[in-house]
Amino acid sequence: REKNMSVLVATAYMEEADEFDWLVAMDDGKVIGTGSPSELKKETGETSLDEAFISLLPEEKRHDHQALVVPLRQRNESTELAITASGLTKRFGDFTAVDNVCLDIEQGEIFGFLGSNGCGKTTTMKMLTGLQPASSGEAKLFGQRVDAKNIESRKRVGFMSQAFSLYSELTVQQNLTLHARLFHLPTEQIEHRTEELIVRFNLEEYRNDFPADLPLGIRQRLSLAVAVVHSPEILILDEPTSGVDPVARDDFWKLLIELSREQGVTIFISTHFMDEAARCDRISLMHAGKILASDTPAALCEIRNVETLEEAFIIYLEEAVAQSSTPVVQVTQDDDTHSLAAIPSGQENNANTSFSLLRLFGYAHREALELWRDSIRLTFALLGSIILMLILGYGITFDVEDLSFAVFDQDQTPESRDYIRNMAGSRYFIQKEDIHSPAELEQRMRSGELSIAIEIPPNFGRQLKRNRKPEIVAWIDGAMPFRAETIQGYVTGTYYAYLTDLSLRTYGTVPNLVPANIASRYRYNQDFKSIEAMVPAVIPLLLVFIPAILMALGVVREKEFGSITNLYVTPVTRLEFLIGKQLPYILVSMISFFGLVALAVYVFGVPLKGSLPALSIAALLYVTSTTGVGLLISTFTKTQIAALAATTVIVLMIAVNFCGLINPVSSLEGVAAIISKLFPTTYFLEACRGVFNKGLGFPELSTQIFPLIAFIPALTLASVFLLPKQDK
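All of the points below concern the structure found in this document. Position numbers for residues start from 1 in each chain and track the written sequence from start to end. Since the coordinates come from a predicted model, pLDDT governs what is reported: local features require at least 70, and pairs of side-chain atoms require 80 or more to be given and counted, while whole-chain, interface and lining totals use all residues. Hydrogens and water are ignored here; the side-chain numbers use all heavy atoms of the structure.

### Remarks on the overall build of the chain
Step number 1: Think of it this way: any DSSP run of H or I at least four residues long counts as a helix, any run of E at least two long counts as a strand, and we number them from the N terminus. Summing up its helical and strand segments, the chain has 27 helices and 16 strands in all.
Step number 2: For every residue, the accessible area (1.4 Å probe, protein chains only) is compared with the maximum for its type, and the residue is labelled buried under 20%, exposed over 50%, or partly exposed between those bounds. The proportion of buried residues among the 728 residues of the chain is 49%.
Step number 3: Contacts in the chain between residues far apart in sequence, at least 24 positions, make up 74% of those at least 6 positions apart.
Step number 4: In the form shown here, the chain has an accessible surface area of approximately 35500 Å², with 56% of it arising from carbon and sulfur atoms. In what follows, residue pairs with any heavy atoms lying within 4.5 Å of each other are defined as contacts. Here the accessible surface of atoms and residues is derived via Shrake-Rupley with a 1.4 Å probe, and residues count as covered only by protein chains that are part of the display.

Right, dumping it as structure tokens:
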């Protein structure tokens with residue numbers, strides 16, 4: 001208004017649109033009406049903008065839409081309290097999100113929570129369902145205290161959050177089937193129940209579609225169908241109609257009214273739509289974590305002597321803001337027979353914490369479908385290890401061969417050239433262009449062109465003939481100590497070979513320096529090839545790296561997308577959830593294992609001398625442990641980036657430095673030795689090298705297999721313990 005600025009706003013909220021100067025009503029990408037709010041109402045002959053918008057829709061979209069009528073609830077004296085809260089408070093540090101909320105909600109009642117965003121509605125609902133623990137106070141469902149661990153109480157509640165907790169990789173029908181399994185419906189009833197809900201919620205034409213492809217209103221109906229798949233007695237809905245058009249919102253409310261009036265389901269719904277709040281049997285007005293007032297919508301308007309609920313709410317809100325503290329209003333029924341003090345505490349049901357294979361395999365099936373439909377992740381899971389094996393198998397080697405050397409020959413005699421030919425004939429050395437000056441020697445060594453430079457001094461041949469012990473200088477690049485030490489051994493060996501050959505040519509005999517001949521033979525890896533040691537060692541490294549990452553991301557992904565809410569609001573135990581998520585990755589990891597073994601044998605030529613069945617059993621135990629490491633990391637990471645970084649750093653740091661990949665575990669001391677014993681890679685690496693190089697079988701692998709067995713329950717129980725019982 002002040003700067004004469006035009007503001008363009010897109011909204012699905014008709015109450016918000018009613019305040020604008022001019023509107024463009026759109027549907028399916030087409031303009032269906034333009035004008036001021038009053039002009040659109042006048043054009044359609046309607047009194048509200050909601051009804052005006054509906055009238056502007058094409059006939060096929062309206063479906064003979066009629067004004068929604070909410071039948072009066074029939075209440076009697078024996079009606080049970082479904083939800084009670086007493087002094088319910090939630091603090092986050094010094095901030096109080098919910099402040100001393102008290103309420104009673106009867107069975108079959110539609111109870112509304114009306115308030116602005118951030119006023120504490122969602123937090124209150126989460127405390128009522130056990131998704132968040134209360135800082136103080138008490139919440140009860142049907143007289144029993146809310147307990148996140150009580151599986152039976154979860155079965156009586158359906159929860160629908162603001163963010164749809166649907167699985168995007170499952171179709172409409174598969175989402176319903178999975179949730180039926182998670183709530184442990186009898187197997188013979190699942191198909192009938194899902195079909196009943198598909199028909200009842202008008203989802204027939206969408207049964208094979210994925211949630212992301214559904215219109216918002218249809219996705220909303222699917223979420224409600226998922227929430228009631230187990231026939232709950234209480235339905236808690238957190239702003240379920242945000243962003244939905246009026247027709248879809250009315251269709252949604254028809255389902256709620258049917259559930260409440262015909263089936264006696266208690267519905268607790270939060271909203272910031274005034275027309276929705278007016279449809280509730282009773283509502284609570286909430287602001288800054290406190291309840292300002294509670295009654296029927298008509299009674300609240302009458303108390304404030306106003307015509308609309310919006311006007312009444314504004315008056316209550318202005319009073320709350322003006323006061324330094326807002327008195328707490330307790331929500332009670334019209335009579336005193338249902339006061340909180342009169343509610344018996346009752347006895348809690350024994351939590352049904354029995355282990356269910358149906359729920360476990362339900363999650364395993366769903367995770368397998370997600371993996372199957374994500375082609376990039378599946379390819380990485382199956383081929384990532386093999387690709388890295390090719391890179392590491394050829395790239396990691398301790399064989400020091402093809403060493404470039406050049407000679408600074410200042411003698412230029414047959415004797416010096418004979419010495420050079422002796423060295424050039426070795427398979428370890430490749431001769432480069434001769435060196436002509438000390439400066440050139442320095443420059444070529446500094447640039448890395450040469451690993452060795454041989455400097456033959458003047459008069460070398462003359463002194464050799466006169467038995468005066470001439471000296472030769474071998475300059476070795478010592479930037480890599482291990483490599484330099486090996487090169488020194490090669491140079492020394494070629495030097496002694498030259499002296500032996502010279503003695504044989506000069507005197508016709510080889511002097512015997514010791515009274516015995518020493519011949520070196522290796523018990524295993526007789527050719528002393530590093531590839532036969534490194535390739536079997538790379539297999540354990542890859543089977544801890546990729547499976548642990550995929551497993552951690554699989555769990556944290558649910559945290560980011562919000563679908564982990566299903567763990568908290570369904571009867572699924574944490575053990576069932578974690579093992580169900582883990583099984584597909586164990587299967588994929590075993591497929592990778594057999595691919596890696598085939599690669600080692602047929603591509604790298606490393607013979608498998610021992611028992612493949614024994615190695616396979618050890619591999620199964622190992623990948624179960626490594627995916628367990630991923631599960632453990634996922635319990636304390638909240639984002640996929642954090643999970644990826646934590647898994648990569650922790651796994652690689654330990655596996656490379658402390659598990660015998662480079663240095664023997666027996667050489668480690670102190671903390672390093674303890675770390676090596678507490679990580680499964682140590683044991684499978686020994687098993688892998690033993691089977692490939694030493695021909696080991698089941699009896700010899702027992703010292704590796706039993707520790708791997710012990711890791712499985714230890715990692716699983718630690719993950720179950722650390723995975724939060726509730727949302728935070």
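### A short note on the sheet that holds strand β10 (residues 266-271)
Hydrogen bonds along the backbone pair up the strands of a sheet, which may run parallel or antiparallel.
Step number 1: Two strands are counted as paired when DSSP detects at least two bridges linking them. Spatially, six strands are ordered β8-β9-β10-β5-β11-β12 in an open sheet, and the strand pairing comes out mixed. At either end of the open sheet lies a strand with only one pairing partner, and these are β8 (157-160) and β12 (290-295). Geometrically, the sheet is characterised by an average inter-axis angle of 15° between neighbouring strands, direction not taken into account.
Step number 2: Across five bridges, the pairing between strand β9 (residues 234-238) and β10 is parallel. Note on geometry: axes are lines fitted to C-alpha atoms, helical ones only across the stretch in contact, with angles between N-to-C directions running from 0 to 180 degrees.

### Quick word on the packing of aromatic side chains
Step number 1: Note on aromatic contacts: the rings of Phe and Tyr and the six-membered ring of Trp form a pair at centre separations within 6.5 Å, being stacked when their planes are under 30 degrees apart, edge-to-face when over 60 apart, and tilted otherwise. Throughout the structure, instances matching the rule amount to eleven aromatic pairs.
Step number 2: Centroid distance Y419 to Y498: 4.9 Å. Interplanar angle 75°. Geometry classified as edge-to-face. Of this pair, Y419 sits in helix α16 (residues 414-424) while Y498 sits in helix α19 (residues 481-507), and the two are 79 residues apart along the sequence. Y498 carries the same exposure label as Y419, and that label is buried.
Step number 3: Pairwise contacts between aromatic rings join F405, Y428, F429 and Y490 into one cluster.

### A closer look at helix α20 (residues 531-561)
Step number 1: Given a rise of 1.5 Å per residue, 31 residues ought to cover 45 Å, and the 44 Å separating the end C-alpha atoms of α20 matches this to within 8%.
Step number 2: Among the 31 residues in α20, 26 count as buried, and that is most of the element.
Step number 3: Of the residues flanking the end of α20, it is G562, one or two places downstream, whose phi is positive at about 90°. Expected span, for any helix, means 1.5 Å times one less than how many residues it has.

### Details of the nonpolar core
Step number 1: In plain words, nonpolar cores are sets of buried Ala, Val, Leu, Ile, Met, Phe, Trp, Tyr and Cys residues tied together by side-chain atoms within 4.5 Å. Counting 53 residues, the largest nonpolar core has M389, I539, L543, F593, F684 and F692 as its most contacted members.
Step number 2: Counting 48 residues, the second-largest nonpolar core is a separate cluster that includes I218, V229, I269 and M274.

### Some thoughts on the packing of helix α7 (residues 172-182) against helix α9 (residues 216-227)
Step number 1: Across the interface, α7 lies against α9 with an axial gap of 9 Å and an inter-helix angle of 20°. By the angle class used here, α7 and α9 are roughly parallel. Judged by the sense of rotation from one axis to the other, the crossing of α7 with α9 is right-handed. Of the residues in α9, those in contact with V172, L176 and H179 of α7 are L222, A225 and V226.
Step number 2: Its residues assigned to classes, the contact of α7 with α9 shows five nonpolar, one polar and no charged. In what follows, roughly perpendicular refers to angles from 65 to 115 degrees, roughly parallel to angles under 35, roughly antiparallel to angles over 145, and oblique to any angle outside these ranges. In this scheme the handedness of a crossing depends on how the near helix is turned from the far one: anticlockwise by less than a right angle means left-handed, clockwise means right-handed. Note on residue categories: nonpolar means Ala, Val, Leu, Ile, Met, Phe, Trp, Tyr, Cys or Pro, charged means Asp, Glu, Lys or Arg, and polar means any other residue, Gly included.

### Things to note about unusual backbone geometry
Step number 1: One non-glycine residue with positive phi stands out, namely S231, at about 55°.
Step number 2: Topologically, S231 is positioned in the loop between α9 and β9.

### A closer look at the packing of helix α22 (residues 574-602) against helix α27 (residues 702-722)
Step number 1: For the pair α22 and α27, interaxial distance at closest approach is 9 Å and the crossing angle is 125°. Classified by the angle their axes make, α22 and α27 are oblique. In terms of crossing hand, the pair formed by α22 and α27 is right-handed. Contact with α22, carried on its side by R574, L575, L578 and I579, involves T716, S719, V720 and F721 of α27 and no other residues of that element.
Step number 2: Among the residues forming the contact of α22 with α27, the class breakdown is five nonpolar, two polar and one charged.

### Structural notes on the sheet that holds strand β3 (residues 81-92)
Step number 1: In space, the four strands of this open sheet follow the order β4-β3-β6-β7, with antiparallel pairing throughout. For this open sheet the edge positions go to β4 (95-106) and β7 (144-145), each flanked by a neighbour on one side alone.
Step number 2: Where β3 meets strand β6 (residues 136-141), five bridges bridge the pair, whose relative direction is antiparallel. Along β6, the bridge assignment pairs I83 with L141.
Step number 3: Lying on the sheet, helix α5 (residues 121-129) is in contact with β3, β4 and β6; it crosses β3 at an angle near 120°.

### A closer look at the layout of surface pockets
Step number 1: Here a cavity denotes grid points, spaced 1 Å and computed from the protein atoms alone, that fit a 1.4 Å probe unable to get out, and a pocket denotes an open set having protein on both sides within 12 Å along at least 5 of 7 lines; residues with an atom within 4 Å of a point are the lining. Grid points are joined across faces, edges and corners, and a volume is the space filled by probe spheres set on the points. Quantified by volume, the largest pocket comes out at close to 1600 Å³.
Step number 2: Lining the largest pocket we find 48 residues, and of these T11, A12, M14, M26 and F53 sit closest to its centre.
Step number 3: Residue assignment for the lining of the largest pocket shows that the elements contributing at least two residues are α1 (14-17), β1 (23-27), α3 (49-56), α9 and α10 (246-263).
Step number 4: Across the lining of the largest pocket, the residue classes break down as 28 nonpolar, eight polar and twelve charged.
Step number 5: As used throughout, domain bounds are those supplied by an automatic or database domain assignment. Taken domain by domain, the makeup of the lining of the largest pocket includes at least three residues from each of domain 1 (14-63) and domain 2 (81-322).

### Digging into the side chain of E276
Step number 1: By the element assignment, E276 lies in helix α11 (residues 274-279).
Step number 2: Leave out the neighbours within four places in its chain, and E276 touches T241, R249, W253 and T271.

### Overview of a negative patch on the surface
Step number 1: A surface patch of like charges, here negative, comprises E19, E307, E310 and E311.
Step number 2: Within the fold, E310 resides in helix α13 (residues 309-322). By definition, no residue in a patch forms a salt bridge, and every one has over 30% relative accessible area; like charges are joined within 9 Å, nonpolar side chains (Val, Leu, Ile, Met, Phe, Trp, Tyr) within 5 Å. Throughout this description, the term salt bridge denotes a Lys or Arg side-chain nitrogen within 4 Å of a carboxyl oxygen of Asp or Glu. Neither His nor the chain termini are counted; the positive set is Lys and Arg, and the negative set is Asp and Glu. All charge positions are set by atom: Lys at NZ, Arg at CZ, Asp at CG, Glu at CD.

### Topic: the pattern of salt bridges
Step number 1: Tallying each qualifying case throughout the model produces 24 salt bridges.
Step number 2: The shortest N-O distance in the salt bridge between R145 and E138 comes to 3.8 Å.
Step number 3: Exposure remark for R145: the relative accessible area of 44% places this residue in the partly exposed category.
Step number 4: Residue E138 is classed as partly exposed on the basis of its relative accessible area of 28%.
Step number 5: As a salt-bridge pair, R557 and E370 come within 2.1 Å of each other at their nearest N and O atoms.

### Here's the deal with α27
Step number 1: Taking 1.5 Å per residue as the helical rise, α27 with its 21 residues ought to reach 30 Å, and the 31 Å between its terminal C-alpha atoms agrees with that figure.
Step number 2: Where α27 is buried, its residues meet α22, α23 (612-634), α25 (670-677) and α26 (681-694).

### Focus: the pairing of β3
Step number 1: Here β3 lies mainly inside the structure; nine of its twelve residues are buried.
Step number 2: As paired elements, β3 and β4 share eight bridges and run antiparallel to each other. When the sheet's bridge partners are listed, F92 is paired in β4 with F95.
Step number 3: Connecting the antiparallel pair β3 and β4 is a turn made up of two residues, with G93 showing a positive phi of about 65°.

### Looking at the side chain of T89
Step number 1: With respect to the element layout, T89 can be found in strand β3.
Step number 2: Under the rule applied, a polar contact is a pair of N or O atoms within 3.5 Å (in protein, one hydrogen donor and one hydrogen acceptor; residues adjacent in sequence only if both atoms are side-chain atoms). One polar contact links the side chain of T89 to the main-chain carbonyl oxygen of G87, over a distance of 3.2 Å.
Step number 3: If we ignore the near neighbours within four places in the chain, the residues touching T89 are T96, V98, D99, N100, M127, A134, S135 and S136.

### Considering the environment of K581
Step number 1: Structurally, the position occupied by K581 is in helix α22.
Step number 2: For the pair formed by K581 and F361, sequence separation is 220 residues and the distance between their alpha carbons is 9.0 Å.
Step number 3: When residues no more than four places from it in sequence are discounted, the contact partners of K581 are Y363, R366, E367, M551, G554, V555 and E558.
Step number 4: A distance of 2.5 Å separates the side chain of K581 from the side chain of E367, its partner in a polar contact.

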